[in-house]
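Reading the structure
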Amino acid sequence: MHDDRSLVEARLKRVLEERIRPALYPESVPLTAGIWTAPDEPVPVAEGIAAPRTPIAAGDRWGAPWGTSWLTVSGTVPAEWAGRTVEALIDLGFDANMPGFQCEGLVYRPDGSPVKGLNPRNQWVRIASPAAGGEQVLLHVEAASNPVIMDYHPFVPTELGERATAGSEPQYRLVRLDLAVLDLTVHELVLDLEVLGELMAELPVEGARRWDILRAIERALDALDLQDVNSTAAAARSELAGVLAVPAEPSAHRLSAVGHAHIDSAWLWPLRETVRKVARTTANMTALLEDEPDFVYTMSQAQQFAWIKEHRPEVYARVKKAVAEGRFVPAGGMWVESDTNMPGSEAMARQFVHGKRFFLDEFGIENEEAWLPDTFGFAAGLPQIIKAAGSKWLLTQKISWSQVNKFPHHTFLWEGLDGTRIFTHFPPIDTYNCSMLGRELAHAVRNFKDKGRASHSIAPTGWGDGGGGTTREMVGKAARLRDLEGSPRVRWERPAEFFAKAEAEYPAPPVWVGELYLELHRATLTSQARTKQGNRRSEHLLREAELWAATAAVRAGFPYPHAELDRIWKTVLLHQFHDILPGSSIAWVHREAEATYAAVAAELTGIIEAALAALAGEGSTELVFNAAPHTRTGVPAGAGAAVPAGAGCSVTAREDGGFRLANGLLTVEVDGRGLVVSAVEDATGREAVAPGAAANLLQLHPDFPNMWDAWDVDQFYRNTGTDLTGLDTLELAADSPGAVAVRVTRSFGSSSVVQTLTLTAGSGRLDLDTEVDWHETEKFLKAAFPLDLHTERYASETQYGHLYRPTHTNTSWEAAKFEACNHRFVHLAEPDWGVAVVTASTYGHDVTRTVRPEDHGTTTTVRVSLLRAPRFPDPHTDQGTHHFHHALVPGATVADAVREGYRINLPERRAVGSAEGVAPLVTVDQDAVVLSAVKLADDGSGDVVVRLYEAHGARARARLSAGFPLTGAQYCDLLERPTGPADPDASTIELHLRPFELVTLRLTR
């Protein structure tokens, strides 16, 4: 037989596109329409419906960037359409290839109740099926003219990402406003042909199944009258029935389809628009659930449920009903799908606390899975947090984006830094926006790495990123793929159903130890410095506010601000979303974030000051309060005391115009260029700075990645760089027994920097304060610390501990980690001596090693990432003034690094009063055991909740003592639910902790 395969396939493509799909709506009549544009931000539904309209018709332009227009469409169903399915077709000017990334709408009835959302893949509104004829149609559409930020040529700088610079030019042109008859037979024929054509394209040419399908399609096309598709569609379908009825092979892969719309809580749109995106999508999904009995939809991010509850209660009522029926599934148990690299220990825990508690309170549902399909890598501390929250599974897809190394598993146990293991699944379909295409399903089968041991994988199905969700077409295709030869078996299932089956099938999967590093999007550790600093500062202010408010509540009857702290935590958690904290959103998002963080800081500072005033009482004695988890200058952790100022610093001039700073612990040499050329620990005489090198050296690199500007830094940026050694001024900034300091001023490009290097009495660290007036574009600024250390690994702080990374690049896995995350410190050491670099606000860094030709010694260089200047999606990223605080700690052990990391982030506070001192609520007699949180219980009982962890990476025995009478003490999970007794009869609790173990205790007063 001659091979006519290509001929038939080309015929199918053209006939589908030019004849069958256009026959979906064989008859239509125009709707009458009027429009009103809100003058500023979105208005309440009642106001939008009641506003006056001006006429508008298909072909007219509408919608300034970020505007809201209210359309009213009206018409009458023709009498001759009786008995047929009638829909309104509303095309706002959609591009079918951009669901979620352009204009959208939410349709309302005249009474203001929502109907469904409109988007490029969902332009219809069901009017009647069957129609009686003569029905009056009146619908209102809240249409958002969101501009296209990332167009077909992506990453082009645009001013559209900020309302003030976006202009007023209409963005869209109305395409269609019609009433139309939907031919259900043609609709089904389209799905038949799409499923079979897409399946056929993935089958081997040598196999009989591909040819069986080809011939069936050929017969169906022969049966179709191209001049009368509607009358002959049923005959065409009958020719396809046989090949659609052939069941799948017994060994066929099992694919759990999960209806989904991965909605970024902010990204190329502001937070206020996400509120409406969620409403549109959930309105669609609840409607689809009513029409499709097998369909199951899942949505993560408790914040998004809370938004609907607050802003669209009618939609929320539908959601709650569908949740109660088990069809609409809350997933993940987190407040938002956050970044997991940069959030601090408590913040990462509170993502689960607030997320799971919301789902429990609202729906009575407890999630056992963490759902993070799009997060940019996963910190090694996360498994323990997931388990401590009462969950046991994790799903993500993003690691498939790694540029260099292919991850070796799809289903595995992920072991965190404390030894906790979490059953983890990476969907082999490699997308969280599956649309049931044949090539997607075939890729999942071919790509699945666990063949022979497992046969289940998951497919999050629906348009995402900007929302939209699952379509009726996807559901129709899934129905055909339920049991079809050549395809995986597709079932709509809840995430928990998938995980239970997968875990039962694969009881001993392989183990991956340590962080799940994404070999992409590394620059998100640096972009939008103000957002990152706001997050870090908010986390530590929340720690202080809880600590001092709880102490004041127990000691002085201070009213603990439960509601305020709950609200502030949720605000901070929202801004840890994986496109806000990473700095990859439009200018609007980051401008609002900066203002929000300022408001959060002001409110938390007020709470802290009020609590300290209550503790200090009336009087004139100055008390120093120490919120850090270790004793500092004589003040115990979590306590207040009167402390005299330290003494003992000196400064002398160097011949080259520089200075020598000393305090009896450190001797630091700053040369005539303003660079640190020596930092000696006096007790050992050990030099930290590598011979011939200079520390605190600012280095500037070109930074123009191949794509994903705000997200990526490509390794070739290192090929070119400039050491910023030019000096404007070098002067003594402070000279007293308590502290000595040197101020250095430099200019470069269009920018300038002022650095103050300070040595304080009694401190073993050199503090480095940097103020940059930044006006560069597509540049990367780093601060280098070349250290005289030979080590194959270094420690970076992460949630509830630290992890080790190599300093070498023996393998491609190691070489790919050329930019990594730390929290408050990195620590490098030889067996008997080490150095720490601590930070108050930065996260990105790199570590490299070289061998010096002069003495063959090793120089290990830590470089702290300070600023970038990408132009997409915010063309003015990080322009302006920035402040950074770092410190160099020669002679540091890991314990010193932990302690100094907390100290630099939790400065002492002072209050004036009559108290001689304020004792801590709880104390721990072992520095390795760090108090992460001291607070009152969330349930308002007055119990004191203490969270602590082992911070040094070793086993620890410690005694926790309560500074108040107890009636009981219990171990509990992150949600403060008891998991076991401690010692109900004693105020001292004996703790035996494994390395990095996290413990939460509930102490009943």
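Up top is the structure these notes are about.
Residues numbered from 1 in each chain as written. Predicted model: local features only at pLDDT ≥ 70, side-chain atom pairs only at ≥ 80, totals over all residues. Heavy atoms only, no water.

**Some remarks on the sheet that holds strand S53 (residues 988-993)**
Filter applied, for reference: Note: two strands are recorded as paired if DSSP finds a minimum of 2 bridges between them. In this description a helix means any DSSP run of H or I spanning at least four residues, a strand means any run of E spanning at least two, and both kinds are numbered starting from the N terminus. The convention used is that axes are lines fitted to C-alpha atoms, helices contributing only their stretch in contact, and that angles between N-to-C directions extend from 0 to 180 degrees.
Read from one edge to the other, the open sheet built from three strands follows the order S47-S50-S53, with strand pairing classed as antiparallel. Both outer strands of the open sheet, strand S47 (922-924) and S53, are each paired with one neighbouring strand and no more. The sheet shows a mean angle of 20° between the axes of neighbouring strands, taken without regard to direction. With six bridges connecting them, strand S50 (residues 956-962) and S53 associate as antiparallel partners. Directly across from Ser 961, in S53, lies its bridge partner Thr 988.

**Description of unusual backbone geometry**
With an omega of 0°, the peptide bond running from Ser 129 to Pro 130 counts as cis. The backbone of Gln 301 shows a phi angle near 70°, a positive value even though the residue is not glycine. Take Gln 301: it is sitting in the loop between strand S14 (297-299) and helix H7 (302-311). One non-glycine residue, Glu 778, adopts positive backbone phi at about 50°.

**Description of the packing of aromatic side chains**
The criterion, for reference: Working definition: rings of Phe, Tyr and Trp (its six-membered ring) pair if their centres are within 6.5 Å, and the pair is stacked with planes under 30 degrees apart, edge-to-face with planes over 60 apart, and tilted otherwise. Exposure classes here rest on a 1.4 Å probe applied to the protein chains alone. A residue is buried below 20% of its type maximum, exposed above 50%, and partly exposed in between. Think of it as a cone above the ring: NZ of Lys or CZ of Arg counts as a charge over the ring if it is within 6 Å of the ring centre and within 35 degrees of the ring normal.
Scanning all chains against the criterion turns up 36 aromatic pairs. Ring centres 6.2 Å apart and planes at 85° place the aromatic pair Trp 267 and Trp 711 in the edge-to-face group. Of this pair, Trp 267 sits in the loop between strand S13 (254-259) and helix H6 (271-291) while Trp 711 sits in the loop between strand S30 (697-702) and strand S31 (722-723); the two residues are 444 residues apart in sequence, bridging distant segments of the chain. Considering the side-chain rings of Phe 359 and Phe 363, the 6.2 Å spacing of their centres and the 35° angle between planes classify their relative orientation as tilted. Here Phe 363 and Phe 359 lie together in helix H9 (residues 345-363), a separation of four residues that amounts to about one turn. Accessibility assignment for this pair places Phe 359 and Phe 363 in one class, buried. Each residue in the set Phe 295, Tyr 297, Phe 305, Tyr 316, Phe 328, Trp 335, Phe 358, Phe 359, Phe 363 and Trp 492 is aromatic and connected to the rest through ring pairs, giving one cluster. Sitting over the ring of Trp 124, Arg 472 keeps its end group 3.7 Å from the ring centre.

**Brief notes about the side chain of Asn 905**
Our working rule: Pairing of N or O atoms within 3.5 Å defines a polar contact, subject to two protein rules: one partner must be a possible hydrogen donor and the other a possible acceptor, and residues neighboring in sequence count only if both atoms are side-chain atoms. Pairs of residues are marked as contacts when any of their non-hydrogen atoms sit within 4.5 Å.
Residue position: Asn 905 is located in helix H18 (residues 894-905). For Asn 905, the side chain forms a polar contact with the side chain of Arg 536, separated by 3.2 Å. The residues touching Asn 905, leaving out its near neighbours within four places in the chain, are Arg 536, Arg 537, His 540, Arg 824, Thr 839 and Ala 840.

**Let's talk about the pairing of strand S25 (residues 650-653)**
One ladder, built from four bridges, connects S25 with strand S26 (residues 659-662); its direction is antiparallel. By the bridge assignment for S26, Thr 652 is matched with Arg 660. Counted along the chain from S25 to the antiparallel partner S26, the turn is five residues long, and its residue Gly 657 has a positive phi close to 95°.

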